[in-house]
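Here is what each chain is made of, one letter per residue.
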Amino acid sequence: MKRYQAAIDALCTIISEDVSEDFVIFLCNYEEVNEHKTFKNLINYLLKNLPKQVTLFVESRVVPNISFSSLLVQNEMCGLNTDALRFSAQEIIALANLQGINALTEDEVAQLTTYFDGWIAGILICTYLGERNFFHQGSPLSDIQSLPSYQVDSVAIQKRNELFSYTVNEVFKYDRELQRFLQASSILQQMEPDICNELLDRTDAAERLSRLEYQGLFVTSYKQFSQNIYVCHPVIRELFNKQCYEQDRGRFFQLHYKAAQYWRARQQYEQALYHALESRAYDLAPQIIFEGYKQLLQQGRIETLSRWLDKLPSEMLASHPRFFLIQATIHLIRGQHEMAFTLLNKTSTLIEGFSERTAQCHILQAEVDILYSKALFQTGDYVQAQNFCQRALSVLPVDEIELQSEAEMRLGSCANLQGDFTTGIVHLHRALSLWDNQPPANLAVDIHSALANTYYLMGNFELAQHHLMRTLKYCELLQDEQRKIENLILKGILYKNRGAYKEAEETLLNTLELARSLLYTRRAEAYTLVNLGSLYMEQGNYSQALIYSEDGLTLSYKWGNQSIINSTLADIALIHLFMGDITSALHFAEKIHVKRSPGKSIGYEQVEQELTYCIIFLYQHRYAEAYTRLVAIDHALEETLLKRGRLQTKLCLAACLIALNQHEDVIRHLQEVASLLIDSESYKQLIFVETKWFPTLLQVMKSSPQLVKLRAILELPEEDCQEYQKGSETEYLPQVTEPCPPKIAIMAFDEPIILLSGQPIKHWRMSYARELFFYLLESDRPISKEKIITALWPEYTSQTNQMFHLSIYHIRRLIGKLCLVRHAEGYSLNLKACFGEHVWYDVQEFRAHKREAEQAVVLKDDLRAKEAFLKMVELYRGDYGSLFYNDWCTVKRDELRTAYTDAHRQLAQIAWRHEAFDESAEHWSKMLHIDPCLEEAHYGLMRYYLRQGKRNQALRQYQQCKTILKEELGIQPRLSLQKLYQQLTDPLDSIEHNEH
């Protein structure tokens, strides 16, 4: 020991006397001597005696066993761990620039960073970044693509072989046994001691994995449920897997097969399927999918399930009906009903082709029928849905309880929406009793949720609340966020019906945020938006109600079911009505589509549709039509338990009869309202809501001596007002605030519509005639025949000329002869000739508000600008001319969509400036619905979440932005987004940002 110390002394003396410049000593691969006691003492001696101009670098895969305390106290040392040594994308670009490679794309850099996890040795060995002489001047990394394919392949193989050789001969040269252990274990995507022991018939896997991580041998770990999970570096894992496959394919397949069986036994189906496919066990893979697909569906992981199916051979998918059933279920979740029907038809055909009709065939066909029923339910065909469920029950064996329960539940839901609550409740309780009232948690969620909705529709809010609480409890147990969202919506609705608007708003807004944070909850997002719109409508906040309802409608058409669509259309119709736009109210009411049930029964949706029309008729003073329809609804509702509908109908009848001067009948209907409320006091809030639309009803309730009972129930004070008498009906008419409607109203946003005196033109015998009208409408000068034909009939045929003249004829017949004028230069519209100044065109209004808004922005008048921009977004029902597919409207469509997007951008900025942060976030979200690639909107939402203290949500927003930009445009987020992301990931920056 003293001899070595003398050598160190001599070295230090020579450096001190003969070396005046800075001097560096490198100790590499120190882990090889880290446990050597003598060497440790020598290094400690060296550190005490080193001259000041000397810097000692120690490179080690483990923390050196050296005494650093004195150096730390004197601030004479620093360290770089694995994370600090990992190369970032920017550092790889800098390295490439040093090598004279200035044309690396962002994708290439991202691939290198991800694939090698910043491991610079791997990058240098396995790419040309380590061989400057390989590059031509200024050539990118991808220049090897110009080589013939066999040369590219051979170069890639050579590079990988070099990396493998380095790994084996340099890194693992002293521990071949540890290398063989890692090579075999690395077939696993995540290495756990238990499975490694079982896979390799050992007992020391935990010790070996820990040793690999401690020595920095390409293994890292993380905690999961108090257990260490180990992961191998992706490049090394790939190299080891390739080597294992080439050395002994039989063992490679055997290891994967054992791993598949291990994970399958533990119901870890994703891991199990990965290994089954790697082992090419195509007999095992379908069994794993059939066992695990319901678990994935419950978790909402339909993309994972789709990927599973994509990995199977096509002939295998086509051979088993179960695969068709799974694919049909995925399409139903996505709202793709037609594709689901196609697959279900294929499944039935496949089952019918079986040579033997076994019990399993009957079960499969019953599953097909239940899925048919689910699809029909979503499209609003409840009668057909019931028929398929009955057919399924007729063939199911007694012991197939789960399918029987599902069929009973669907029958109950269908009966409820048709107004037959007695039958509905019987079916739902039958679904429970099949399991002795203790169904599996997964089914319990659906059954109790259905019962909660049933009792809500019946007005029994206490029982609705009971079943809702049970549902949410099961959702928490299952960690089922998707169905939890669906039932939180009902919680918000129950708050709203009790008049607890603040709690309802808070619940629904939180639910909306949760729905938007998860994948595949778009239908729930739509339903939440719709109910927020309904909530704001009840409060008289019509502008906000319209925004939420329109957004909900857009999503509902894509992801919702017909019931949600109909409810949204009814709300939007009434919102327009209360905002004074009867024309639009009628338009949206006419779009409600309800499939009528046979017989005398009347369903919930039909009542909603009829009442929407009747309220509009009352505001139009079309009392006779309203009365006729209301009497019919009232009669049909007598045999149902739809108390909400009965109350609404009687209130509307009373309002109508006030206008018709039928005093006795007014009092009779209001007394019947009182009788209904005795058993349904939970509907008191509904009465106050309805009297907002008809304020004269409230006056009658307060002043009429015959309505003492109703006043007592509603806790209304009696007012000393002149009692309603004949001849004073004008005092009690619904207050119509709309201006005189235009004689022609033209709506080009979304589906193009033309209304003449408030009635839409429905019978366009030629679609080209409608398109020609809008084409001419957008031009301020005559258009030649040749230009019209080129725009509307790009593929000229012998029939084109005739179709042109027929289109001209139909426009003149439908709109008016004088409105379409032929000039020497061509054709133009002159709507003033037929309608004077009574012409309204939504695009024209949109552009006028745009000009007004832009002027206000220049003048920095936020209030005026906001008002104009809000009017723009209210007018924009959808993309311009959605039914037109010719090129002429593309430019206009893009121009208007850009203006609409910019309006939301301006509104978001105005709201932010005035600290209306929630409102600002809503506008950023709407921009992303239009174009998910708008980085400014992602940035705005990140700032919003950061402002709200929701750092994780801001991080998720960035990752969503990054993923979308990469998939759609192949780019990275812009610098401002990346800087904000870096602030979020730096704890100190995040704290500082939140403090400000």
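What you see is a predicted model; the values in this text were computed from it and never measured.

**Side note on the packing of helix α34 (residues 643-659) against helix α35 (residues 663-679)**
Line of reasoning, step 1. Running from amino to carboxyl end, α34 crosses α35 at an angle of 160°, the nearest separation of the two axes being 8 Å. As far as their axial angle goes, α35 and α34 are roughly antiparallel. In the packing of α34 onto α35, the handedness of the crossing is left-handed. Each of Lys643, Arg646, Leu647, Lys650, Leu651, Leu653, Ala654, Leu657 and Ile658 in α34 lies in contact with α35, whose residues at this interface are Asp665, Val666, His669, Leu670, Glu672, Val673, Leu676, Leu677 and Asp679.
Line of reasoning, step 2. Partitioned by chemical class, the residues of the contact of α34 with α35 number eleven nonpolar, one polar and six charged.

**Quick notes on the pattern of salt bridges**
Line of reasoning, step 1. All told, the structure shown has 40 salt bridges when counted by the stated rule.
Line of reasoning, step 2. Here Arg847 makes a salt bridge to Glu778, at a shortest N to O gap of 3.1 Å. Note that Arg847 is positioned in helix α43 (residues 842-858) and Glu778 in the loop between α39 (767-777) and α40 (785-792), a separation of 69 residues in sequence.
Line of reasoning, step 3. A relative accessible area of 24% means that Arg847 is categorised as partly exposed.
Line of reasoning, step 4. One network of salt bridges, in which partners are shared, links Glu177, Arg180, Arg202, Asp204 and Arg208.

**Remarks on the confidence of the model for the protein**
In low-pLDDT segments, the atomic positions of the prediction should not be examined closely.
Line of reasoning, step 1. In this model, the protein carries a mean pLDDT of 83, and residues with pLDDT of at least 70 account for 89%.
Line of reasoning, step 2. Confidence drops under pLDDT 50 across residues 721-741; counting only partners more than four residues distant or on other chains, this segment forms 44 contacts.
Line of reasoning, step 3. Note on residues 990-996: pLDDT under 50 across the span, and seven contacts to partners over four residues away in sequence or across chains.

**Re the environment of Ala452**
Line of reasoning, step 1. With respect to the secondary-structure elements, Ala452 resides in helix α24 (residues 441-458).
Line of reasoning, step 2. Along the chain, Ala452 and His467 lie 15 residues apart, while their C-alpha atoms are 5.0 Å from each other.
Line of reasoning, step 3. Sequence-distant contacts of Ala452, defined by excluding residues within four places in its chain, comprise Ala464, His467, Leu468 and Leu490.

**Describing the side chain of Ser703**
Line of reasoning, step 1. Mapped onto the elements of the fold, Ser703 is located in helix α37 (residues 695-703).
Line of reasoning, step 2. Engagement of the side chain of Ser703 in a polar contact is seen with the backbone oxygen of Gln699, the distance being 2.8 Å.

**Let's talk about helix α31 (residues 582-590)**
Line of reasoning, step 1. In terms of residue burial, α31 counts as a mostly covered element, since eight of its nine residues are buried.
Line of reasoning, step 2. Looking only at α31, the buried set comprises Ile582, Thr583, Ser584, Ala585, Leu586, His587, Phe588 and Ala589.
Line of reasoning, step 3. Against the buried residues of α31 lie α30 (562-578), α32 (604-619), β5 (744-747), β6 (753-756) and β7 (759-760).

What counts as what
Residues numbered from 1 in each chain as written. Predicted model: local features only at pLDDT ≥ 70, side-chain atom pairs only at ≥ 80, totals over all residues. Heavy atoms only, no water. Axes fitted to C-alpha atoms, helices over the stretch in contact; angles between N-to-C directions. Helix = DSSP H or I, 4+ residues; strand = E, 2+ residues; numbered from the N terminus. Parallel < 35°, antiparallel > 145°, perpendicular 65-115°, else oblique. Left-handed = near helix turned anticlockwise from the far one by under 90°. Contact = heavy atoms within 4.5 Å. Nonpolar A, V, L, I, M, F, W, Y, C, P; charged D, E, K, R; others polar. Salt bridge = Lys/Arg side-chain N within 4 Å of Asp/Glu carboxyl O. Buried < 20%, exposed > 50% of the residue type's maximum accessible area, 1.4 Å probe, protein only. pLDDT = per-residue confidence, 0-100. Polar contact = N/O pair within 3.5 Å; in protein donor to acceptor, adjacent residues only side chain to side chain.

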